[in-house]
Amino acid sequence: MSARLTRIFENDPLAAPLAPDLRAFVALSVKVTARPQEVTPEDVRAAFSAAMSPRQYLDAAGVMIAFNFITRVANALGVEPEIPAWMRRFEPLRQLGLRAMALFLRLFVNLDRKEVHGPTPSEHVAALRTLFIDLRLGDLPGWVERLSFAPPLLAALRELLEALVRRDSATGTIGIDTNRFMAIGQTVLQSIPNAETLTRLADNWQLAPRSEEDTKRTALITRFANDVALRSYTLTRERIDELRAANLDDAEILDVVVTAALWSAAARLEVLTSSLPALDPSDENARAAVAPNTDRQSAEVAATTDSQAQSALREELTV
Amino acid sequence: MAFIKTISVREANSELRAIYGLIRSDMVGSTPFPVEWTTWNVMQVFSLRPQFLWAFERSFRHFMWDGELSRLAKEAIGVSVAQTNACHY
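Only a predicted model underlies this, so the values are computations on that prediction, with no experimental measurement involved. (Residues numbered from 1 in each chain as written. Chains lettered and ligands numbered in written order. Predicted model: local features only at pLDDT ≥ 70, side-chain atom pairs only at ≥ 80, totals over all residues.)

Chemist: Looking at this structure, how should I read the overall build of chain B?
Modeler: The secondary structure content of chain B amounts to five helices and zero strands. Written out in order from the N terminus, the α and β elements of chain B read α-α-α-α-α. Along the three orthogonal principal directions, the C-alpha set of chain B runs to about 35 × 30 × 20 Å. For chain B, buried positions account for 48% of its 89 residues. For chain B, the share of sequence-separated contacts (at least 6 apart) that also reach a separation of at least 24 residues comes to 51%. (Helix = DSSP H or I, 4+ residues; strand = E, 2+ residues; numbered from the N terminus. Buried ≥ 20, exposed ≤ 12 C-beta atoms within 10 Å, placed from the backbone. Contact = placed C-beta atoms within 7 Å.)

Chemist: Just checking my understanding: could you explain the overall build of chain A for this structure?
Modeler: Along chain A, the regular secondary structure elements total 16 helices and zero strands. When each of the 319 residues of chain A is scored for burial, the buried share is 36%. The contacts of chain A with a sequence gap of at least 6 include a subset with a gap of at least 24, amounting to 68%.

Chemist: How should I be thinking about the nonpolar core in this particular structure?
Modeler: Among soluble globular proteins, nonpolar side chains are generally buried collectively. Counting 107 residues, the largest nonpolar core has A60, M64, V73, L77, V257 and A260 of chain A together with I77 of chain B as its most contacted members. Sorting elements by how many residues they give to this core places helix α14 (residues 250-273) of chain A first, with 15 residues. The residues touching V73 of chain A, leaving out its near neighbours within four places in the chain, are V257, V258 and A261 of chain A together with V45 of chain B. (Core = buried A, V, L, I, M, F, W, Y, C linked by C-beta atoms within 7 Å.)

Chemist: Honestly, the interface of chain A and chain B in this entry has me stumped. Any pointers?
Modeler: Accessible area lost upon the coming together of the parts is a frequently used measure of interface size. Each side of the interface is counted separately: chain A has 62 residues, and chain B has 49 residues. Elements with a minimum of two residues in the side of chain A that touches chain B: α1 (3-11), α2 (20-34), α4 (54-76), α9 (151-165), α13 (237-245) and α14 of chain A. For the side of chain A that touches chain B, the class distribution of residues is 37 nonpolar, 13 polar and 12 charged. (Nonpolar A, V, L, I, M, F, W, Y, C, P; charged D, E, K, R; others polar.)

Chemist: Could you clarify how one ought to interpret the environment of T38 of chain B in this entry?
Modeler: All names here are of chain B. Summarising the element assignment, T38 is placed in helix α2 (residues 35-38). On the neighbour-count criterion, T38 (20 C-beta atoms within 10 Å) is buried. Through-space distance from the C-alpha of T38 to that of G21 is 8.8 Å; in sequence the pair is 17 residues apart. Those residues in contact with T38 that sit more than four places away from it in its chain are I23, R24, M27, V28 and F33.

Chemist: Mind showing me how you'd approach the environment of G185 of chain A here?
Modeler: For G185 of chain A, the position within the fold is in helix α10 (residues 178-189). Here the alpha-carbon distance between G185 of chain A and L262 of chain A, two residues 77 residues apart in the chain, equals 9.0 Å.

Chemist: Please explain α9 of chain A as it appears in this structure.
Modeler: In an α-helix there are 3.6 residues to a turn, and that puts residues three or four apart on one side. Its 15 residues give α9 of chain A an end-to-end C-alpha distance of 21 Å, which sits within 8% of 21 Å, the value for a rise of 1.5 Å per residue. Burial analysis of α9 of chain A places 12 of its 15 residues in the buried class, the great majority of the element. Of the positions making up α9 of chain A, those classed as buried are P151, P152, L153, L154, A155, A156, L157, R158, E159, L160, A163 and V165 of chain A. The inward-facing, buried residues of α9 of chain A contact α4, α7 (121-134), α10 and α14 of chain A together with α4 (50-65) of chain B. (Expected span 1.5 Å × (residues − 1).)

Chemist: Teacher, can you tell me more about unusual backbone geometry here?
Modeler: What you tend to see is this: most non-glycine residues have negative phi, and most peptide bonds are trans. Positive phi outside glycine occurs at N247 of chain A, with the angle close to 70°. Tracing the chain through its elements places N247 of chain A in the loop between α13 and α14. In this structure, A86 of chain B is a non-glycine residue whose phi angle is positive, near 55°. Positionally, A86 of chain B belongs in the segment after α5 (71-84). Taking the number of C-beta atoms within 10 Å as the measure of exposure, A86 of chain B has 12 and is therefore exposed.

Chemist: Where do I start with the packing of α4 of chain A against α9 of chain A in this structure?
Modeler: Relative placement of two packed helices is described by the angle separating their axes and the distance separating the axes. Residues and elements named next belong to chain A. Running from N to C, α4 and α9 point in directions that differ by 30°, and their axes come no closer than 9 Å. Classified by the angle between their axes, α4 and α9 sit roughly parallel to one another. Contacts between α4 and α9 involve L58, A61 and G62 from the first element and P152, L153 and A156 from the second. (Axes fitted to C-alpha atoms, helices over the stretch in contact; angles between N-to-C directions. Parallel < 35°, antiparallel > 145°, perpendicular 65-115°, else oblique.)

Chemist: In this structure, what is going on with the packing of α7 of chain A against α9 of chain A? I would like to understand it.
Modeler: All names here are of chain A. Interhelical geometry of α7 versus α9 gives an angle of 30° and a closest axis separation of 10 Å. For α7 against α9, the interelement crossing comes out left-handed. From α7, P121, H124, A127, L128 and L131 reach across to α9, where they touch P151, L154, A155, R158, L161, E162 and V165. Class assignment for the residues of the contact of α7 with α9 results in nine nonpolar, one polar and two charged. (Left-handed = near helix turned anticlockwise from the far one by under 90°.)

Put into structure tokens, the structure is as follows:
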């Protein structure tokens, strides 16, 4: 993306001159990030209809939740950009540093499409089903199986969840404090009630009784986790020190942040996918079922418009 | 670099160093950059849990390199989410 377009996005993503499909994705990205509880099935259908294919919509949903995850982690843990501290102190120098970093990325980082090989979607679904059983969460929600249509999304969900909760990859033992994992989930999901299956699943979990000291500590952790989910940009070093004072080491603090960010991302993923029809790679009618007014002709028109708009944008940016 | 402890390339044990090496080859292929140049802070923040760092790297690959979405679309969505979450990283 050009520096000029990036600047437009940094001020107001909804003001960027974009093709209709991309505009729909950006609008949904902003809403699902800021106000996921207000995302309706109609919002989802609008973006799905604007997409060129079901797979394209799911890939877009994947990028939305990936960035929802990593921006919360980066904010909550105060991750600084790779520019020297003295440059960060002055805004023009900070901007210069960021641009140099962006130039480095553009010149040297290979972003060409690559095939990522790994297990099949059905293997990922089976592994997630086993993980749900091991965590005593019950049945895998139906919308997760639907992600088989977009293998990268399914693979990422499985790999991140497994890496978080199974500490020993050889034995697959659950290594995380399940009680804490679910307490954070219950807290995060309170603000996203339209992630219905995850909310129900978390609400049904019975937290184990604990000592008074443990209860206080859990309250501190869930309050922090709630801020990771709702206002990660407000978190400070002092809040991390509060967790340290409650005897959490830095690896456990990382677990808390990752757990909150993952629940937050998974809830958004449910919001973005649960109202879609059953999808199958060979069934292009699935798209028509959810968007009866979108036929192949309008898809072609959209493709033309997309191409024209992007060409116009490229020309404008070149000038 | 971050509010929690992180492990640099120099301090890394063999498992973590191997993951940092894999990240480098994902990012720049065989271009002979030092591993330090491609071990970004946003990756290093997971260094206390190397297994999670590796899962994150693989997920990043899935989302950013695989799939039907154009690079422009991925960048537009990513910047929109970052702006909405007030993330300056």
